[in-house]
Amino acid sequence: MAEPHDLTALEQAAAIRRGELSSLELVDHHLRRVDALADTVGAFVTVTAERARAAARAADAAPADARGPLHGVPTAIKDLTLTAGVRTTFGSAAFAEFVPPVDADVVRFLTAAGLVSLGKTTTSELGCSLYSEGRVAPPARNPWDLAYTAGGSSGGAAAAVAAGLAPVAQGSDGGGSLRIPAALCGLVGYKPSRGLVSGGPLGFGAFGLPTNGPLGRTVTDVAALLDVLAQPVPGEPYLPPAAPAGGYLGVARAVPGRLRIGRFTTPMLADEPVHPDCVAAVDRAAALLADAGHEVVEVPAPLGPEAWPMFETVWYALALAPVPADREGDLLPLTRFLRERGEALGAARLMAALGELQAQVRRGVRRTAGCDLLLCPTLAAPQAPVGAFAALDPAEDFDRQRRFSPYCAVFNVTGDPSVSLPVGRTAEGLPVGVLLTGRYGDDATLIATAAQLEHCCGGWDQHPAIWRAADSANVNITSEVGRGPS
């Protein structure tokens, strides 16, 4: 018999509309799973159980004509995202007790759409790394095998969704922070076009690299959550692309026309060998897309390793988030390393790096201008063990991250929409992602094609063994439970 968490987010909302489940019943069910598994997979920094139950009661009391496609569905908010009245640590002991007075715009949108947050998900400190292992929560672990990282910086969000603690989650992506965890945990992680989703009410746009976005188990769930998040807000630094008629959920249910898809596997930000499993996943996706009627052609990678010094410089600057002077000592070694490099930058060097990076983007976009979409690996290797990066000297740690993820950040620089899709599997049954990237502003074509690829793969809503381990609350989970599909 199916459990409530077996249902997709859209199916959970439909069950609420039919009166088969209430939002409160769904929230209580997922909170029991959070109690049983959250620390095991390192999903949450803060759980807001009573606040969630109150929101669920309000959702159940809302009139039927005020309910959207995800009304009453449980979700979770990344711990980098301001949430009024809820502890928000930014993944750092330096902010261990910080409680924001305001909501981020995306939190307001989630609340207005009737979604119910269960709490704040684990992230890397200040969003600086691609793994989520800090001092304010257990490390975010991959529910498919707990020896491996769930990634970062939206690692807790991915761990929560992959373990069935929430059907969808909000995250953010400044260099792959949604797509990397999605690839590791067998999920759909979507980075929208620059400007499509607000980063407000605070911040300056961070050179256009980061954006909020959705994480889920299916393309339609992700598209429905994108419809919630993609609301125009006055004063944002980047003009939002126009939304399609019928919304992104509508285009996820449509069939795209014949497209020209450029395929490459050459790493862009590092001269790094690519694992055969990552290449095999791209080969499989290319074959399925060709069978669906698309033209798949080999293209050169838009950028190469020569772009790394410029991106590296900008990343150092972004690490300079305001931190109280008396709390700098609470930061992790990697964060301190990045901030020291950032503090050593002069304005002239930063401006030169931004200018050269944009020049390279212009040249790279011209190389692939004849393509509607680009297809490449999400990562250079399928998985990485918990602790593999943090155990290194900070400089080596940062360089190893670049070599592990030499693709994703390029599309933060270009601003193009980009999604990681769980097309492949290792011999051990662990997920392997591929990256599908669209033209700037054309999120509709990307989502429609991602949904088509999901259909060609026979669906992606598969679950690790740990999915069944918490059907009874308060179970004792060992590292072996996470291994293999259910």
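Preceding this section is the structure that the text describes.
First, a word on scope: everything that follows refers to the structure included in this document. All values reported here derive from a predicted model rather than from experimental measurement.

## Some details on the state of the cysteines
Okay, so step 1: If you walk through the whole model with that rule in mind, you get zero disulfides.
Okay, so step 2: As a non-bridged cysteine, Cys 128 has Cys 408 as the owner of its nearest cysteine sulfur, 17 Å distant.
Okay, so step 3: Residue classification places Cys 128 among the buried residues on the basis of a relative accessible area of 6%.

## Description of the packing of aromatic side chains
A ring pair, where both rings are aromatic, is described by two values, the distance of the centres and the angle of the planes.
Okay, so step 1: Enumeration according to the criterion identifies eleven aromatic pairs in this entry.
Okay, so step 2: When the centroid spacing of 5.6 Å and the interplanar angle of 10° are considered together, the rings of Tyr 131 and Phe 389 count as stacked. A residue pair is termed long-range when its members are at least 10 positions apart, and Tyr 131 in the loop between strand 3 (116–121) and strand 4 (141–142) and Phe 389 in the loop between strand 11 (373–377) and helix 13 (394–404) qualify at 258 residues.
Okay, so step 3: Owing to a relative accessible area of 4%, Phe 389 belongs among the buried residues under this scheme.
Okay, so step 4: Seen from their ring centres, Trp 308 and Phe 311 are 5.8 Å apart, and the 35° between their planes marks the pair as tilted.

## Some details on the sheet that holds strand 2 (residues 74–78)
Okay, so step 1: Ordered in space as 1-3-2, the three strands form an open sheet in which the pairing is mixed. Lying at the two open borders of the sheet, with one neighbouring strand each, are strand 1 (44–47) and strand 2. In this sheet, adjacent strand axes meet at a mean angle of 35° when their direction is disregarded.
Okay, so step 2: Pairing analysis gives three bridges linking strand 1 to strand 3, with the strands arranged antiparallel. Note that in strand 3 the partner of Phe 44 across the bridge is Thr 121.
Okay, so step 3: Of the strands in this sheet, strand 1, strand 2 and strand 3 are in contact with helix 2 (residues 23–41), which crosses strand 3 at around 20°.

## Observations regarding the packing of helix 9 (residues 276–291) against helix 15 (residues 443–456)
Okay, so step 1: Packing of helix 9 against helix 15 brings their axes to within 10 Å, and their N-to-C directions diverge by 100°. Classified by the angle between their axes, helix 9 and helix 15 sit roughly perpendicular to one another. Listed contacts from helix 15 to Ala 285, Leu 288 and Leu 289 of helix 9 are Thr 449, Leu 453 and Cys 456.
Okay, so step 2: Of the residues contributing to the contact of helix 9 with helix 15, the split by class is five nonpolar, one polar and no charged.

## Remarks on helix 1 (residues 9–17)
Okay, so step 1: With seven of nine residues buried, helix 1 is to be regarded as a mostly interior element.
Okay, so step 2: In this fold, the buried residues of helix 1 make contact with helix 2, strand 2, strand 6 (168–173), helix 7 (219–229) and helix 8 (247–252).
Okay, so step 3: One or two residues past the end of helix 1 sits Gly 19, with phi positive at roughly 80°.

## Some words on the sheet that holds strand 12 (residues 418–425)
Okay, so step 1: Taken in spatial order, the eight strands of this open sheet run 6-8-7-12-13-11-9-10, and their pairing is mixed. With one partner strand each, in any of the chains shown, strand 6 and strand 10 (295–298) form the two edges of the open sheet. Taking each pair of neighbouring strands and ignoring which way they run, the sheet shows an average axis angle of 25°.
Okay, so step 2: Judged from the three bridges that link them, strand 7 (residues 188–191) and strand 12 form a sheet pairing that is antiparallel. If you follow Tyr 190 over to strand 12, its bridge partner there is Val 419.

Cut-off values and rules
Residues numbered from 1 in each chain as written. Predicted model: local features only at pLDDT ≥ 70, side-chain atom pairs only at ≥ 80, totals over all residues. Heavy atoms only, no water. Disulfide = S-S within 2.5 Å. Buried < 20%, exposed > 50% of the residue type's maximum accessible area, 1.4 Å probe, protein only. Phe/Tyr/Trp six-rings, centres within 6.5 Å; stacked < 30°, edge-to-face > 60°. Helix = DSSP H or I, 4+ residues; strand = E, 2+ residues; numbered from the N terminus. Pairing = 2+ DSSP bridges. Axes fitted to C-alpha atoms, helices over the stretch in contact; angles between N-to-C directions. Contact = heavy atoms within 4.5 Å. Parallel < 35°, antiparallel > 145°, perpendicular 65-115°, else oblique. Nonpolar A, V, L, I, M, F, W, Y, C, P; charged D, E, K, R; others polar.

Note that all results are geometric; they support no functional claim without further evidence.
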